[in-house]
Amino acid sequence: MKCKLLFSVAFLLLTWLLWAPLNFAQGQITSPTTAEIFKQFSEQVVKIEVVENGSGAKASVGSGFFANERGQIVTNYHVVSKLIHSPDRYRIDVSAPSGQITQAAVLGFDVIYDLAVLRTDRSIKGFLSFETTPVAQGTRLYSLGHPQDLGLTIVEGTYNGLLQHSLYPKVHFTGSLNPGMSGGPTVTHAGKVVGINVATEGEQISFLVPAARAFSLLEKTAKIEKPSTANFLEEVGRQIQANQARYLDGMFSNTTPSVTLGPYSLPTKPADFFRCWADALRRKELPYVVISHDCSTDDYIFVSSEQSSGIVRFYHQLLSTEELNPARFFTLYASQVQAGNVALFGNEEEVTPFRCVTRNLQTQGGKLKGVLCARQYVKLPGLYDAVFRGATLGARNVGLVTTLSLSGVSFENIQALTRRYAEAIKWRR
Amino acid sequence: MAPLGYIEVLDSKGNVLERRPIDSFPIHIGRAYNNEVVIDDPYVCPAHVAIELDDRGSLIARDLNSVNGLRLGSGRKKRLPMLALNSGSQFQIGHTILRYRSFDHALAPTLLDRENGTSFFGSPHIAAFAGIMVFALLCLEGFLGSVERVTIAGIVSEPLVTFATLFLWAGLWTLAGRVILSRFYFFEHVTIASFAIVAFFAINAVAEWLEFLFPFIPALWVAGVFGAGVILATLVFGHLRFASMMRRRSRLWAAFSVSAALIGISFISDYANRSKFSNVMEFTGIVKPLDAAWVPTMSVDRFVENSQKLKSDLERLAQKAKPTQP
């Protein structure tokens, strides 16, 4: 009897062992859950095309979803940014999975978090609501959208929490987002929106705007019936202006940590959202050494395809020599001080050319050659890009070139940060 | 005083084509071969004019009823039957200009020959010294301008092409001088070009140091350009002295015109580039190995306050760049 029971158990175990891998494999290929999710929620996901009025051709493609009973659509700011910059030249066409196309208007946007809310006049079959309870790391998520304009697609992935060192909170989604899926929803198996597809950084590393930001933008735009397109650019400028205080206040104050490079003590990693790197150029055939220390925010604000903003970067380069005489060392040093910087973004319509002012400065620590270069945003009043470069004076075989670069900030902030940064360069006695 | 002397036939520029001594009076001038002075000019009559003494013993030229007459000086003047002649008087018959000069005509002082070795610029020693100085400066610039390990051979060989260009330049001017003045002035041209290069080096160094110490002086670069212009003008002026027959005043004009034209071109191209849009920021900060105590400075606060001017400059640029509202 005992033996029979044991046999039965062994048989069952064997059967399970034989079947389990097959079952597992079947789950991989056709999970009924994913198919169901797609079937259940794809009606609420739309394709968004920004169309150039003159040619009738699409200028950009993205995704979006119905987010409330009024039929408002949530998408990314960057999907519709062309229209926000030139409302007269573009229109927005929204295509439902059924193929029906209707026009949409922009009700509001959040340029900092890359969100926009649109409105159409058509009746809707349903909408997606937002996840309000915390999601555990590892939770399976499903992202919907139109990758490369190939038709509505569902992508599986996992929730990996909020980014640790980000200036703007973002959900780390481990799944393959592709261009065109921007603005689409990423949902739980219950169809609750956890985040809005926004960016990807290579294989399986993707980012979502947290649902809470979209929710608050929807609340803000709830009462707007007919937005005034004329004020769009002013609003972009206003939002960028308002955002500065959040990350610039107190940067490079006395509490900023410092790093020691040669005889200098210099600011480093002023906040969690900065990443710092260091390297050195030491080669036998070169009669000098260059040590560099580079800190930068990872995040940037997408303003238009021609312009990004909100990036703070600063880097120190320590040059020293045991071998070169002062005149030759200063040839090297001067070339490093004068090395031209090229701004990555900006054309004539967006920004003015740079203008610079050069002076010899007395800081509390010592003497600096200081150069401040700035340019103004043409369409967004009150915003500037600026670079301050300082070079220490007085030494004969060692020199420090340090550069602070700000983008999309007010002139008052340029002045305040230049002042604090210059004073944060200290000489060790 | 016996008014004996010479009758000279001149070309339109005043150069003497032919000279005929007057040893007795009267002298007959005309196309016919029985004249003392035969003029080969179809507008001159066979017997055109006589040079003789009048009743008071003064020298005159008398028209011998010629077809085209006798005129004072040159050009289309009124014809005269008779003309009093002093030493140096010019008159015209037909298309020919004649001049009378007495034997005791006052002469200009003798010119000093430049080839007598008294010229500073012509001294081969000075030329060699200037050339060596240029070579040394080029080597020094190459050495100080490199930040990698260098060898003596490398330092000396690098400026050779530039140095050879100096001699080519001097050679071309010498050639021009040979054609125009029929003289070789090679050492002079080497010396002049070398001193100009040394002066350019000096002005460049001074400008850099001034800009390092006083970056707040706005028009420093204008002074630099002006200095370079003066050197350039001096260079042209010097070369022309040994390569042309131009007078001092004309050489000055030529030198300053060339210099002004080059500076003008550089200003125009500078201006054209300035209005071009660019994403590049140019850090013009010059640094020099000088003890910090010697460097005049301003406080960071004042620097930041002064940057307000930068803001208004940008405001102006932004206004210009704004698309005009319909």
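Trainee: Before we move on, can you summarise the interface of chain A and chain B with the specific residues and values?
Mentor: Opposite the 65 residues of chain A that make contact, chain B presents 50 residues. Summed over both sides, the interface between chain A and chain B buries roughly 5300 Å², with carbon and sulfur atoms accounting for 64% of that surface. Counting the contacts that link chain A with chain B gives 3 salt bridges. Across the pair K311(B) and E412(A) runs a salt bridge, and its minimum N-O distance is 3.5 Å. Inspection of the region where chain A meets chain B yields 25 residue pairs in polar contact (both at pLDDT 80 or more). Sorting the residues of the side of chain A that touches chain B by element identifies α6 (326–338), β20 (341–342), β21 (355–362), β22 (367–376), β23 (384–392) and α7 (411–423) of chain A as the ones contributing at least two each.

Trainee: Now, about the side chain of E8(B): what can you tell me, with residues and values included?
Mentor: Residue and element names in this part refer to chain B. On the secondary structure map, E8 appears in strand β1 (residues 5–10). Here the side chain of E8 touches R19 through a polar contact of 2.7 Å, side chain to side chain. Sequence-distant contacts of E8, defined by excluding residues within four places in its chain, comprise V16, E18, R19, I97, L98, R99 and R101.

Trainee: How would you explain the sheet that holds strand β8 (residues 153–162) of chain A if you had to name every residue and give the values?
Mentor: All names here are of chain A. Within the closed barrel, the 6 strands sit side by side as β7-β8-β9-β12-β11-β10. Their pairing is antiparallel. Averaged over neighbouring strand pairs, the angle between their axes works out to 45° when direction is ignored. Inspection of the sheet shows strand β9 (residues 171–174) paired to strand β12 (residues 205–210) by 4 bridges, in the antiparallel sense. Paired with H172 across the bridge in β12 is F207. Across the face of the sheet, helix α4 (residues 211–221) comes into contact with β11 (193–200) and β12 while running at roughly 35° to β12.

Trainee: Any chance you could break down the environment of A334(A) for me, citing the residues and the numbers?
Mentor: Tracing the backbone through its elements, the reader meets A334(A) in helix α6. With 38 residues separating them in the primary sequence, A334(A) and S296(A) have C-alpha atoms 24 Å apart.

Trainee: Break down helix α6 (residues 248–274) of chain B for me, with residues and values.
Mentor: Counted at 1.5 Å a residue, the expected span for α6(B) with its 27 residues is 39 Å, and the 39 Å between its end C-alpha atoms agrees. Of all the residues in α6(B), the buried ones are R251(B), A255(B) and S259(B).

Parameters at a glance
Residues numbered from 1 in each chain as written. Chains lettered and ligands numbered in written order. Predicted model: local features only at pLDDT ≥ 70, side-chain atom pairs only at ≥ 80, totals over all residues. Heavy atoms only, no water. Contact = heavy atoms within 4.5 Å. Buried area = accessible area lost by both parts, 1.4 Å probe. Salt bridge = Lys/Arg side-chain N within 4 Å of Asp/Glu carboxyl O. Polar contact = N/O pair within 3.5 Å; in protein donor to acceptor, adjacent residues only side chain to side chain. Helix = DSSP H or I, 4+ residues; strand = E, 2+ residues; numbered from the N terminus. Pairing = 2+ DSSP bridges. Axes fitted to C-alpha atoms, helices over the stretch in contact; angles between N-to-C directions. Expected span 1.5 Å × (residues − 1). Buried < 20%, exposed > 50% of the residue type's maximum accessible area, 1.4 Å probe, protein only.

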